[in-house]
Amino acid sequence: MSFQTLAVEPGSVRTFYIPAGELFSVVDPEGGQSFALELGTGGPLEVISSSALALVAGTQLTQPVCVDSQEPNTGCTLRALADANLQVAVLAQKPALTPGAFTPATPLKVTAPLNDLPAPLGEVLAEYRIEPATAIAYSVQAGQYIQIIDVEGSQCSDFLAFAGEHFEQELDGTATRTLNGIAVPQAGLHSKYFSQRLQPMFEVIQDTCGRHDSFLLACTDRYYEDAGYPGHVSCSQNFNLALASHGVTPRPGWPAVNFFFNTASDAQGTIASGESWSRPGDYVLLRASQDLLCASSSCPDDIDPANGWQPTAIHVRIYAADAGFESALGRRVSPDLPVRLTRGSAFTPRIRTLTDYLVEYNGFWVPNSFANYGPQAEYWALRERAVLLDLSALRKFEVFGPDAEQLLQMAFSRNVAALAIGQSAYGCLLNPHGGIIDDGIVFRLSETAYRYVGNCDTDGDWLRRLAQQQQLRVGVRSSSDYLHNLAIQGPLSRDVLRPLAKLDPGFAANLLDELGYFRFATGTVADIPVLISRTGYTGELGYELFVHPGQGEALWDALLQAGEPEGLMPMGMLALERARIEAGLLAAGREFDDLISPYQAGISWAVALKKPELIGKAALEKLKERPPKVAVGLVLEGNEVAEHGQCIYPVEERWRVGVITSATFSPILNKSIALAQVAPEYATPGSQLEVGFVDGMKRRVKATVGPLAAYDPTKSRVRA
Amino acid sequence: MTSASIAQQNWLDLTGYQLWDLVGIDGLQVTTSLVGDLAGRIAPFQSFETTLDQQACSVLRLCEGNFRFGLQGDSTFFEQVNLADQRVWLRRCKQMTAIAMPEAEGLALLPKIAVAKLPHRLEGLQPNCAAPSRIDGISVLIWRHLYQGQAVFELQMAAKDAATIRAIC
């Protein structure tokens, strides 16, 4: 019997089946999370062992039971005694959390026997099992959903679709790539697939794997013959067999969508292949754009890593057109947690009424820009008036306990001991070689409680692991699901917020106007409990409001209404990107990653190197002397906008001295600007360099080195 | 939606109306020099009204550096614009034709017969906004703006499709 690990998020229920005699366990990894066990028909359960309250080893459970788990890693192991499969539900309770509190509920970890298939997404109209190394053909109607499931993981499945009365329309890779704006095949899926007549065939609604290739051929006899396996069955021949009864002319090789295949092309276009990334139960969910004849395979490739040298089954489910599944991508934040689909924030329902232009960012749907406004209008609203910005994709972690300060002094680059209650600091989490794990802000909530707001779910894992290694008395809990945040930014943001905001006593500021830069307070906005922080990511005066998701829509409405006379507007990511580059603010994957030190990324001021136990200190002391590159701002000649990754050269020299990390056209400066990292010898303000366009030789554009922030380098606006 | 089910429109007379395109890396800067800073404040598929050489002119932005001018009357102004040292081209759109209907009729009709390319929306399309769309599979740029002081929906399409679109609408 194989086992699966399920995370039960606070406030959610996970239901699974236990065969008679089989064991399952529930563990509370972080402690203090109460949960309930409910049994379906066919009990009882035998408690094998338990370190949680309300359960006694050796007893039998026939009724639902509520369990308190106090210490980290407490829990219970139980055995099903029923004759048949026993349905068990585990409910993790989710108490309310106000923005100023800091002990959120945490997920439970359930280890249970692995079922063959994930639960259906809805009512199943039809389903098909594709045995290993075979293919089938099946029909779907326009609007219906097709779920293709990798049953055991590491198994690939090719997909064909035909439309038209005589199936004369078929998928076309070139049309699909072109209409999706992607010139060459690449890992990953397109959002929509087209026929050679440029008509949509189907779209991808959900994908939990995240790694596929599109439009190489399905495997052919030729492939196996060339590899020394004449007579080996191939997907293309399996398709020919499956499609023969539909009158489809056979081909030696079928161009297909290749789900779960781990293929890639390198910079020279050479195709490489490896073992599939898919895990048991991973799936893609498609929606037919017209009536289709489909063909799906379980790939017979057992001679290379594609299917882990062991073809297994593929399962197909068909759902009705009115099932209404939402688009989402799967994201795995750590190896032992299940995939999590793209989420909306508390504000997304309101945002969706204003725009259809949402993109996936860090596991959330975020607006790129708003209908009838557009990024230019949103940008100018930010610079001249005020905007609302959904930043709920940021991850929040509560760090609390007697050793909380000690943990953050080790992990975070700033001196958090110097923070007063109600004060925050921008900095970064560091690794032992001085690289930036993540950047973020630490808020001091009390003598022993801090909140870290960053970008990665794994930040909490890192802090928790560090605390365990150092045997520190500190809890680290994610509060991302309890606190969504809305930024109100722009020179009039204070005017919009002032009549709505009331600050709680006990913080340095009693009134909004007294709230200093990088200071915060709890209170209310329009009578909604919030944490108000005078921080932002735009280079303008502004505030971030942390609110319980249950009141997110009310907060959005209140702010939009109050800001209307001031010209307040919602702002999307496109305008934000322009503003943050102007302000010289860092973005993960652009200006920093875990191989880049703060001295290279341009935030040397955010490193308190005098702290005795700072992680990476030894490496940072050496890097400080001469980082391999330093961050600068560039102002380009002309209006052409540079791109991430373009190389930087000395004037009229062939060799490189740096690279562009981000670039945009600055409307307020009316200049093309960029953030770049260059060798220290070329970082002097006023230095003349050249940015290489095209191949770096055909066209060079002169650029002048300046401060990292091209706009308001003294930060006078955010401090206003 | 088939043509038979749609009422015939009261098409406006666009005699003398011209479309001009200005395109290139320096397109924003040249347009700004012609019509002012407002050009840099609108997003692609947004527009504003202005005057050029004392003639009414609608300016529609199509991307970062591409602009379309809807001009009533004399085009000598454009023919005399000095583009030396500017990386743009400026020429009259001869491949396209524009037709227009009163705003009220467009608001009622167009969302029923046209499909906008996402993320554009025809429902709630604001004044001075445009949306690339299709009507019966034919590409039509639908633009809500002012023409000679009258609120209209202007439909721009390939010249060869104009008769078909007129017949459908």
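Quick note: structure is the one above.
Just so you know, these numbers come straight off a predicted model, no measurement behind them.

### Focus: the sheet that holds strand E34 (residues 475–478) of chain A
All names here are of chain A. Reading across the sheet, the 5 strands line up as E31-E32-E33-E30-E34 and stay open at both edges, with antiparallel pairing between neighbours. Because the sheet does not close on itself, it has two edges, and the strands there are strand E31 (424–430) and E34. Going from strand to strand, the sheet's axes swing by 30 degrees on average, the running direction of each strand aside. Of the strand pairs in this sheet, E31 and strand E32 (residues 436–444) are connected by 7 bridges, and their pairing is antiparallel. Following the sheet pairing, Leu429 is matched in E32 by Asp438.

### Overview of the state of the cysteines
Linking two cysteines covalently via their sulfur atoms produces the bond known as a disulfide. Residue and element names in this part refer to chain A. Taken as a whole and judged by the stated rule, the model has 0 disulfides over all chains. Between Cys219, a cysteine without a disulfide, and Cys235, which holds the nearest cysteine sulfur, the sulfur-to-sulfur distance is 3.8 Å. Residue Cys456 stays outside any disulfide, its sulfur separated by 12 Å from that of Cys428, the closest cysteine. Classification of Cys456 as partly exposed rests on a relative accessible area of 24%.

### Focus: empty space enclosed by the protein
Residue and element names in this part refer to chain A. This model, assessed by the stated rule, comprises 2 cavities of 30 Å³ or more. Reported here for the largest cavity is a volume of approximately 40 Å³. In this structure, the largest cavity is lined by Leu160, Ala161, Phe162, Glu170, Leu171, Trp254 and Pro255. The element best represented in the lining of the largest cavity is strand E14 (residues 157–163), accounting for 3 residues.

### Remarks on the nonpolar core
Residue and element names in this part refer to chain A. Ile488, Leu497, Val525, Ile532, Leu555 and Leu559 are the most contacted members of the largest nonpolar core, which has 71 residues in total. Here this core gets 5 residues from one element, more than from any other, and that element is helix H5 (residues 374–384). Residue contacts for Leu497: discarding those within four places in its chain leaves Ile488, Leu512, Val525, Ile532, Tyr543, Leu545 and Leu559.

### Notes on the pattern of salt bridges
All names here are of chain A. Summed over the entire model, instances satisfying the criterion amount to 37 salt bridges over all chains. Of the charged contacts, one joins Glu127 and Arg317 as a salt bridge, the two residues approaching to 3.5 Å between their closest N and O atoms. Taken as a pair, Glu127 in strand E11 (residues 124–130) and Arg317 in strand E24 (residues 314–319) lie far apart in primary sequence, 190 residues in all. Look at Arg317 and you get buried, because its relative accessible area is 5%. Sharing partners across several salt bridges, the network here consists of Arg383, Glu540, Glu582 and Arg717.

### Thoughts on the sheet that holds strand E9 (residues 138–147) of chain B
All names here are of chain B. Reading across from one edge, E6-E10-E9-E8-E7 is the order of the 5 strands in this open sheet, with antiparallel pairing throughout. Here the strands that pair on one side only, and so sit at the sheet edges, are strand E6 (96–102) and strand E7 (114–116). Taken over all neighbouring pairs, the strand axes of this sheet differ in orientation by 35 degrees on average, direction set aside. Pairing geometry for E6 and strand E10 (residues 150–158), over 7 bridges, is antiparallel. Considered in E10, the bridge of Met101 is made with Phe153.

### Overview of the packing of aromatic side chains
Two aromatic rings, taken as a pair, are described by how far apart their centres are and by the angle between their planes. Under the counting rule described, the total for this entry stands at 23 aromatic pairs over all chains. Consider the rings of Tyr379(A) and Trp380(A), whose centres lie 5.2 Å apart with planes at 85 degrees: the pair is edge-to-face. By the burial criterion, Tyr379(A) is buried, and Trp380(A) matches it. In textbook terms, an aromatic cluster arises when at least three aromatic residues are bridged by ring pairs, as seen for Phe159(A), Tyr193(A), Phe202(A), Phe259(A) and Phe260(A). The ring of Tyr649(A) carries Arg700(A) above its face, with NZ or CZ at 3.7 Å from the centroid. Directly above the ring of Trp380(A) sits Arg41(B), whose terminal nitrogen or CZ lies 3.8 Å from the centroid.

### Remarks on the interface of chain A and chain B
The interface is formed by 21 residues belonging to chain A together with 20 residues belonging to chain B. For the pairing of chain A and chain B, the buried interface totals around 1,500 Å² over both sides, and the portion due to carbon and sulfur atoms is 43%. The three residues of chain A that bury the most area against chain B are Asn372(A), Gln376(A) and Asn639(A), which together make up 39% of that side's buried surface. Between Arg578(A) and Glu64(B) there is a salt bridge whose closest N-O contact spans 3.3 Å. On inspection of chain A and its partner chain B, the count reaches 15 residue pairs in polar contact (both at pLDDT 80 or more). When residues of the side of chain A that touches chain B are assigned to their parent elements, the largest contribution, 6 residues, is made by H5(A). Of the residues assigned to the side of chain A that touches chain B, the class counts are 8 nonpolar, 8 polar and 5 charged.

### As for the environment of Gly696(A)
All names here are of chain A. Tracing the sequence through the fold places Gly696 in the loop between strand E45 (688–693) and strand E46 (699–706). Residue Gly696 is classed as buried on the basis of its relative accessible area of 3%. As a C-alpha pair, Gly696 and Ile648 span 48 residues in sequence and 8.5 Å in three-dimensional space.

### Quick notes on the pairing of strand E25 (residues 328–331) of chain A
All names here are of chain A. Relative to E25, strand E17 (residues 200–207) is paired through 2 bridges, and the arrangement is parallel. Residue Gln206 lies in a different strand from E25, and its bridge partner there is Ala328. Summarising the sheet, E25 and strand E26 (residues 340–341) pair through 2 bridges and their orientation is antiparallel. Considered in E26, the bridge of Gly330 is made with Leu341.

### Considerations on helix H9 (residues 552–563) of chain A
Residue and element names in this part refer to chain A. Counted at 1.5 Å a residue, the expected span for H9 with its 12 residues is 16 Å, and the 16 Å between its end C-alpha atoms agrees. Looking only at H9, the buried set comprises Gly552, Leu555, Trp556, Ala558, Leu559 and Gly563. Seen end-on, H9 carries its buried residues on one side only, within an arc spanning 170 degrees.

### A few points about helix H1 (residues 27–35) of chain B
Residue and element names in this part refer to chain B. Burial of H1 is extensive: 7 of the 9 residues sit out of reach of the surface. Of all the residues in H1, the buried ones are Gly27, Leu28, Gln29, Val30, Thr31, Leu34 and Val35. Among the residues trailing H1, Gly36 stands out with phi positive, at a value near 100 degrees.

### Here we look at the pairing of E17(A)
A regular strand carries its side chains on alternate faces of the sheet. Residue and element names in this part refer to chain A. Of all the 8 residues making up E17, 6 are buried; the element is thus mostly covered by neighbouring parts of the structure. Looking at chain direction, strand E16 (residues 192–194) and E17 are connected through 3 bridges and run antiparallel. Of the residues in E17, the one forming a bridge with Tyr193 is Phe202. Linking two consecutive strands that pair antiparallel, namely E16 and E17, is a turn of 5 residues; a positive phi of about 65 degrees is found at Leu198 within it. Of the pairings in the sheet, the one linking E17 to strand E22 (residues 283–288) comprises 5 bridges and is antiparallel in character. Each residue of the ladder has a partner; that of Glu203, found in E22, is Arg287.

### Section: the side chain of Gln33(A)
Residues and elements named next belong to chain A. When you line up the elements, Gln33 lands in the loop between strand E3 (23–28) and strand E4 (35–39). At a separation of 2.9 Å, a polar atom in the side chain of Gln33 contacts the main-chain amide nitrogen of Thr106. With residues up to four places along the chain from it excluded, the contact list for Gln33 reads Asp28, Ser69, Ala92, Gln93, Ala105, Thr106 and Leu108.

### Quick word on the environment of Gly638(A)
Among the structural elements, Gly638(A) can be located in the loop between strand E41 (630–636) and strand E42 (647–650). Classification of Gly638(A) as partly exposed rests on a relative accessible area of 37%. Not counting residues within four places of it along the chain, the set of residues in contact with Gly638(A) comprises Ser672(A) and Arg87(B).

Definitions and cut-offs
- Residues numbered from 1 in each chain as written.
- Chains lettered and ligands numbered in written order.
- Predicted model: local features only at pLDDT ≥ 70, side-chain atom pairs only at ≥ 80, totals over all residues.
- Heavy atoms only, no water.
- Pairing = 2+ DSSP bridges.
- Helix = DSSP H or I, 4+ residues; strand = E, 2+ residues; numbered from the N terminus.
- Axes fitted to C-alpha atoms, helices over the stretch in contact; angles between N-to-C directions.
- Disulfide = S-S within 2.5 Å.
- Buried < 20%, exposed > 50% of the residue type's maximum accessible area, 1.4 Å probe, protein only.
- 1 Å grid on protein atoms, 1.4 Å probe; cavity = no way out; pocket = protein on both sides within 12 Å on 5 of 7 lines; lining within 4 Å.
- Points joined across faces, edges and corners; volume = space filled by probe spheres on them.
- Core = buried A, V, L, I, M, F, W, Y, C linked by side-chain atoms within 4.5 Å.
- Contact = heavy atoms within 4.5 Å.
- Salt bridge = Lys/Arg side-chain N within 4 Å of Asp/Glu carboxyl O.
- Phe/Tyr/Trp six-rings, centres within 6.5 Å; stacked < 30°, edge-to-face > 60°.
- Lys NZ or Arg CZ within 6 Å of the ring centre and 35° of its normal.
- Buried area = accessible area lost by both parts, 1.4 Å probe.
- Polar contact = N/O pair within 3.5 Å; in protein donor to acceptor, adjacent residues only side chain to side chain.
- Nonpolar A, V, L, I, M, F, W, Y, C, P; charged D, E, K, R; others polar.
- Expected span 1.5 Å × (residues − 1).
- Arc of directions from axis to C-beta.

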